Amino acid sequence: MLTLPMQAISDCPTPPGSMQASAPAPDTDMTGISDTIMTAKQYEDCLTNTLSDAAAQHLNAGLLHFNEGQLKDSVAAFTESFNANNKNPVALTNRGRAYRALNESKLALNDLNAAIELSPTYMRPYYFRGLVLTDKRKYKQAILSFEQALALSDTAEQQANIWYHTGVAQRNLKKNAQALSAFNAALDLSLIHISEPT
């Protein structure tokens, strides 16, 4: 069981990239980022630390259910987590992710947009919103959401996944040159397996 210290969401510093207007070019050098800048993972951890014990317990239960493929149970647990702390976007993002897995795209988009409204500098809801929009074949909107996620991401794994899914959307728009550029950016990040960011 996870016990987390309480802190206010406003105590979470702005993560990297939150001031960027657009995503970096595929050939942008990502080395040498200062150790003093909060990473997206540290920001998510800070957001998670704002949860009460009940909210954290429900969030953890939801993640376990999701990982076991018990999607309806995960939705229920994420709902309980959000009800215990309705100022934290982590439960909404994960519930949106579960709704996507249940092919409930409208509910998924509602949760992901609400998570973005709660925390516009949190990367994950932009990424998952892009996936839902891709599922709905709204590729231009998906690309915009992926660009927002990329501007907020800070790890090679996150960036590779975002570039890969941007390439998929570009390919579906028959923009082959842009798709190839995005796929190359994902490959340049030296990841063998493309998966959702953790």
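Everything quoted here is computed from the prediction, not taken from an experiment.

> Explain the side chain of aspartate 111 to me, and be specific about the residues and the numbers.
Topologically, aspartate 111 is positioned in helix H5 (residues 105-118). The class for aspartate 111 is buried, based on a relative accessible area of 6%. What aspartate 111 contacts, discounting residues up to four positions off in sequence, is Leu92, Arg95, Gly96 and Tyr99.

> If you had to explain the packing of aromatic side chains to someone new, which residues and values would you point to?
Per the stated rule, a full pass over the model turns up three aromatic pairs. With a centroid separation of 6.1 Å and 50 degrees between ring planes, the pair formed by tyrosine 127 and phenylalanine 146 is classed as tilted. Residue tyrosine 127 is found in helix H6 (residues 123-135), and its partner phenylalanine 146 is found in helix H7 (residues 139-152); the two are separated by 19 residues along the sequence. For the pair tyrosine 127 and phenylalanine 146, a shared accessibility class is recorded, and that class is buried. Relative to phenylalanine 183, the ring of tyrosine 164 lies with its centre 5.7 Å away and its plane at 50 degrees, an arrangement referred to as tilted.

> Summarise the side chain of arginine 129; cite the residues concerned and give the values.
Tracing the sequence through the fold places arginine 129 in helix H6. Glutamate 117 provides the closest opposite charge to the buried, salt-bridge-free arginine 129, at an N-O distance of 9.3 Å. Once you skip the residues sitting within four places of it in the chain, arginine 129 turns out to touch Leu109, Leu112, Asn113, Ile116, Ser145 and Gln148.

> An account of the confidence of the model for the protein is requested, with residue identities and associated values reported.
Confidence in the prediction for the protein averages 80 pLDDT; 69% of positions are at 70 or higher. Predicted confidence is poor over residues 15-37, with pLDDT under 50, and the contacts of this stretch with residues over four places away or in other chains come to 28 contacts.

> I'd like to hear about helix H8 (residues 156-172), residue by residue, with values.
The end-to-end C-alpha distance of H8, which contains 17 residues, comes to 24 Å, matching closely the 24 Å that a straight helix rising 1.5 Å per residue would cover. Buried within H8 are the following residues: Gln158, Gln159, Ala160, Asn161, Ile162, Trp163, His165, Thr166, Gly167, Val168, Ala169 and Gln170. Of the residues trailing H8, lysine 174 is marked for its positive phi of about 65 degrees.

How each quantity is defined
- Residues numbered from 1 in each chain as written.
- Predicted model: local features only at pLDDT ≥ 70, side-chain atom pairs only at ≥ 80, totals over all residues.
- Heavy atoms only, no water.
- Helix = DSSP H or I, 4+ residues; strand = E, 2+ residues; numbered from the N terminus.
- Buried < 20%, exposed > 50% of the residue type's maximum accessible area, 1.4 Å probe, protein only.
- Contact = heavy atoms within 4.5 Å.
- Phe/Tyr/Trp six-rings, centres within 6.5 Å; stacked < 30°, edge-to-face > 60°.
- Lys, Arg positive; Asp, Glu negative; His and termini not counted.
- Salt bridge = Lys/Arg side-chain N within 4 Å of Asp/Glu carboxyl O.
- pLDDT = per-residue confidence, 0-100.
- Expected span 1.5 Å × (residues − 1).

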